[in-house]
There are 2 protein chains.
Amino acid sequence: MGTATGGRCTWIPRTRPAGSRLYLEGAPAERVWYLKEGTVVLSRANGAGATTRWTLRRPGDLLAPEALVSTGYADTAEALTPVTMCGMARTELDRWLGPTGSPSRTLLSLVLKTRCEETPRRASADGTSTRRLAQWILDEARGGEAPRVPRKVVADLLGMLPETLSRALAKLQAAGAVKADRRTIRVADVDALLRAAGEAQEDTDEDPDPAAETAAP
Amino acid sequence: MGTATGGRCTWIPRTRPAGSRLYLEGAPAERVWYLKEGTVVLSRANGAGATTRWTLRRPGDLLAPEALVSTGYADTAEALTPVTMCGMARTELDRWLGPTGSPSRTLLSLVLKTRCEETPRRASADGTSTRRLAQWILDEARGGEAPRVPRKVVADLLGMLPETLSRALAKLQAAGAVKADRRTIRVADVDALLRAAGEAQEDTDEDPDPAAETAAP
DNA sequence: CGCCCTGTTGACAAAGGTCAACTAGCGTGG
DNA sequence: CCACGCTAGTTGACCTTTGTCAACAGGGCG
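Rules used throughout
Residues numbered from 1 in each chain as written. Chains lettered and ligands numbered in written order. Predicted model: local features only at pLDDT ≥ 70, side-chain atom pairs only at ≥ 80, totals over all residues. Heavy atoms only, no water. Helix = DSSP H or I, 4+ residues; strand = E, 2+ residues; numbered from the N terminus. Contact = heavy atoms within 4.5 Å. Areas by Shrake-Rupley, 256 points an atom, 1.4 Å probe, with all protein chains shown as cover. Buried < 20%, exposed > 50% of the residue type's maximum accessible area, 1.4 Å probe, protein only. Pairing = 2+ DSSP bridges. Near = heavy atom within 4 Å. Polar contact = N/O pair within 3.5 Å; in protein donor to acceptor, adjacent residues only side chain to side chain. Nonpolar A, V, L, I, M, F, W, Y, C, P; charged D, E, K, R; others polar. Axes fitted to C-alpha atoms, helices over the stretch in contact; angles between N-to-C directions. Parallel < 35°, antiparallel > 145°, perpendicular 65-115°, else oblique. Least-squares fit on C-alpha atoms with pLDDT ≥ 70 in both. Buried area = accessible area lost by both parts, 1.4 Å probe. Salt bridge = Lys/Arg side-chain N within 4 Å of Asp/Glu carboxyl O. Left-handed = near helix turned anticlockwise from the far one by under 90°. Core = buried A, V, L, I, M, F, W, Y, C linked by side-chain atoms within 4.5 Å.

1. Observations concerning the overall build of chain A
Stage number 1. The helix and strand tally for chain A stands at six helices and 10 strands.
Stage number 2. A separation threshold of at least 6 residues defines the contact pool for chain A, and within that pool the share at least 24 residues apart is 69%.
Stage number 3. Accessible area for chain A stands at about 10400 Å²; split by element, carbon and sulfur atoms hold 51% of it.

2. With respect to the pairing of strand 1 (residues 12–16) of chain B
Residue and element names in this part refer to chain B.
Stage number 1. Burial of strand 1 is sparse: only zero of the five residues sit out of reach of the surface.
Stage number 2. Judged from the five bridges that link them, strand 1 and strand 8 (residues 83–89) form a sheet pairing that is antiparallel. The residue of strand 8 that forms the bridge with P13 is C86.

3. Quick word on the protein's contact with DNA strand D
Stage number 1. In the neighbourhood of DNA strand D, 16 residues make up the surrounding shell, with R151 and R167 of chain A together with S129, L161 and T164 of chain B lying closest.
Stage number 2. Interatomic distance of 3.4 Å between a backbone N/O atom of K152 of chain A and a phosphate oxygen of DNA strand D.
Stage number 3. Measuring from a base oxygen of DNA strand D, one finds a side-chain N or O atom of R167 of chain B at 3.1 Å.
Stage number 4. Contributing elements (two or more residues each) for the surface near DNA strand D: helix 4 (151–157) and helix 5 (162–174) of chain A together with helix 5 (162–174) of chain B.
Stage number 5. In the surface near DNA strand D, the residues fall into three nonpolar, five polar and eight charged.

4. Topic: the packing of helix 3 (residues 129–140) of chain A against helix 5 of chain A
The geometry of a pair of packed helices is captured by two quantities: the angle between their axes and the separation between those axes.
Residue and element names in this part refer to chain A.
Stage number 1. Relative orientation of the contacting elements helix 3 and helix 5 amounts to 75°, with a least axis distance of 9 Å. Classified by the angle their axes make, helix 3 and helix 5 are roughly perpendicular. Listed contacts from helix 5 to S129, T130, L133, A134 and I137 of helix 3 are T164, L165, A168, L169, K171 and L172.
Stage number 2. Partitioning the contact of helix 3 with helix 5 into residue classes produces seven nonpolar, three polar and one charged.

5. Here we look at the sheet that holds strand 6 (residues 62–63) of chain A
Stage number 1. If you walk across this open sheet you meet the four strands as 1-8-3-6 (chain A), and the pairing is antiparallel. Where the open sheet ends on each side, the last strands, each with one partner, are strand 1 (12–16) and strand 6 of chain A.

6. Remarks on the sheet that holds strand 7 (residues 76–79) of chain A
All names here are of chain A.
Stage number 1. Across the sheet, four strands lie side by side as 2-7-4-5; this open sheet has antiparallel pairing. With partners counted over all chains shown, the strands left at the sheet margins are strand 2 (21–23) and strand 5 (51–57), one partner each. Mean inter-strand twist for the sheet, computed between neighbouring axes without regard to direction, equals 30°.
Stage number 2. By the bridge criterion, two bridges tie strand 2 to strand 7 in an arrangement that is antiparallel. Each bridged residue has a counterpart across the sheet, and for Y23 the counterpart in strand 7 is A77.

7. Remarks on the relation of the copies chain A and chain B
Stage number 1. In the superposition of chain A on chain B (RMSD 0.1 Å, axial shift 0.0 Å), the rotation amounts to 180°. Here the copies are linked by what is in effect a two-fold axis.
Stage number 2. By residue overlap, the copies meet face to face through one surface: 100% of the interface positions of chain A are interface positions in chain B.

8. A word on the protein's contact with DNA strand C
Stage number 1. Neighbouring DNA strand C are 16 residues, the closest being S129, L161 and T164 of chain A together with R151 and R167 of chain B.
Stage number 2. Within 4 Å of the protein, the contacting atoms of DNA strand C are drawn from sugar and phosphate to the extent of 65%.
Stage number 3. The separation between a phosphate oxygen of DNA strand C and a polar main-chain atom of R151 of chain B is 2.7 Å.
Stage number 4. Mapped by element, the contributors of at least two residues to the surface near DNA strand C are helix 5 of chain A together with helix 4 (151–157) and helix 5 of chain B.
Stage number 5. Residues that form the surface near DNA strand C fall into these classes: three nonpolar, five polar and eight charged.

9. Overview of the interface of chain A and chain B
It is common to give the size of an interface as the accessible area that goes away when the parts come together.
Stage number 1. Across the contact, 52 residues belong to chain A and 52 residues belong to chain B.
Stage number 2. Taken over both partners, the interface formed by chain A and chain B buries close to 4500 Å², and the fraction arising from carbon and sulfur atoms is 66%.
Stage number 3. Our enumeration of links across chain A and chain B arrives at four salt bridges.
Stage number 4. Linking chain A to chain B there are five residue pairs in polar contact (both at pLDDT 80 or more).

10. Some words on the packing of helix 3 (residues 129–140) of chain B against helix 6 (residues 190–198) of chain B
Residue and element names in this part refer to chain B.
Stage number 1. Contact pair helix 3 / helix 6: the axes reach a minimum separation of 7 Å and the direction vectors enclose 130°. The angle between helix 3 and helix 6 falls in the class oblique. Helix-helix and strand crossings are classified by hand; for helix 3 and helix 6 the assignment is left-handed. Within the contact between the two elements, helix 3 uses R131, A134, Q135, I137 and L138 and helix 6 uses L193, L194, A196, A197 and G198.
Stage number 2. Taken together, the residues of the contact of helix 3 with helix 6 sort by class into seven nonpolar, two polar and one charged.

11. Comments concerning the side chain of D156 of chain B
Stage number 1. By the secondary structure assignment, D156 of chain B is in helix 4.
Stage number 2. On the basis of relative accessibility, which here comes to 16%, the residue D156 of chain B falls in the buried class.
Stage number 3. Dropping the residues within four chain positions of it, D156 of chain B is found in contact with T52 and R53 of chain A.

12. Considerations on the nonpolar core
Stage number 1. L22 and Y23 of chain A together with L22 and Y23 of chain B are the most contacted members of the largest nonpolar core, which totals 60 residues.
Stage number 2. A141, V154, A155 and A177 of chain B belong to the second largest nonpolar core, which has 28 residues in total.

13. Here's the deal with the pattern of salt bridges
Stage number 1. Throughout the structure, instances matching the rule amount to 16 salt bridges over all chains.
Stage number 2. Among the salt bridges present, the one from R53 of chain A reaches D156 of chain B, with a minimum N-O distance of 3.1 Å. Note that R53 of chain A is positioned in strand 5 and D156 of chain B in helix 4, a pairing that runs across two chains. Per residue, the accessibility class of R53 of chain A equals that of D156 of chain B, and both read buried.
Stage number 3. Between R44 of chain B and D75 of chain B there is a salt bridge; the shortest N-O distance is 2.7 Å.

Given below as structure tokens:
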């Protein structure tokens, strides 16, 4: 590892108390951190109003690497314990990484892009089967058509059985949201589909999050 | 993107028919591919005997980037359609990427490491709540103790409610697998825990997978 | 010392898994 | 070219698991 570990890095070390929000999903992604001490949990809004915590970060992990390929943070990070982290401004990091277009930077970008796109899906072990299916279709459809993969595969990807998928799809068809035959699924009514994907916790108001969390400065 | 896109790459293009296995989880990771055409599904054995398909790869995605940081493939890849992909041997890629220890390579390694470790967890939207909890504890425990995070956080990470988590934990304690108080969970009996994590589809024999899939050469 | 927050336990309802029968499309072979 | 059989997908009935709602307990902090 070398450069990033060992403490004698050019990155700026900093400590934050337990409970603090380190960065917010959607905010301009200006910094990347290397986590030296403590535990951090990442959460992400999952299409519907709800927010899901989906993974932990521990010492040695990188926080917000997406800053390199995206303009906004992909997750909200919350310290579960007091943390020590080394931060670096995105622009500085950019310089540090060397010329764009170098093989390793190209690869880095590719990997990060893929990672950013797929993680949100990961989150949802929640929501009704119909809702998950609707979200998947919205995510995956290109030109109004979902990928032509066997039903069994779709079911696996969504963590449900083919039978359940079949029923969920039937519901979406009944609602007029999609039109499906044995091997294709096409979007018939985006609004209806969005409704199916979002509906449920529609009552859950945005959780205004009254500061409270941030401990002593 | 430049280097990797556009077709005029140093990578060796190759086509494979629908249904073929492109590489196998656990096999020595010798190549990395750039997917140019087609759809690929990745699956991974999830602790218990079962195997879960967890994500799709489409044109423009990288296949098996873990080859750079791991000796074995992390997933099994299966072509859902005929595919065209550009492969490169790990050693050659290694040379192409330039000196180890350069900032961008260091970062690339970090990101890949994190990615490899966290994806398996993603898979499991399946299994009973007790089983998922057992797997999580096995995954996360360091020195016989699971991370000290609030129950609510653990529940979120596992996609269940605090109530359900509480019941699942009670079962594991009843089985003598763990010992937990209000804020810690420590492993009491690894074997019992492994049994709890694996049990269920114990009848599911290994799916010998009788060729069948591979289409015409 | 008492309140509040987090976690636990209980009873009930609903979503989804299970098992099983049935249908449709496709490929194969006569 | 048609018929047959096979596999993937659909539908139905039932049962387990988990989410829901609610009451309660234990620790920590004021």
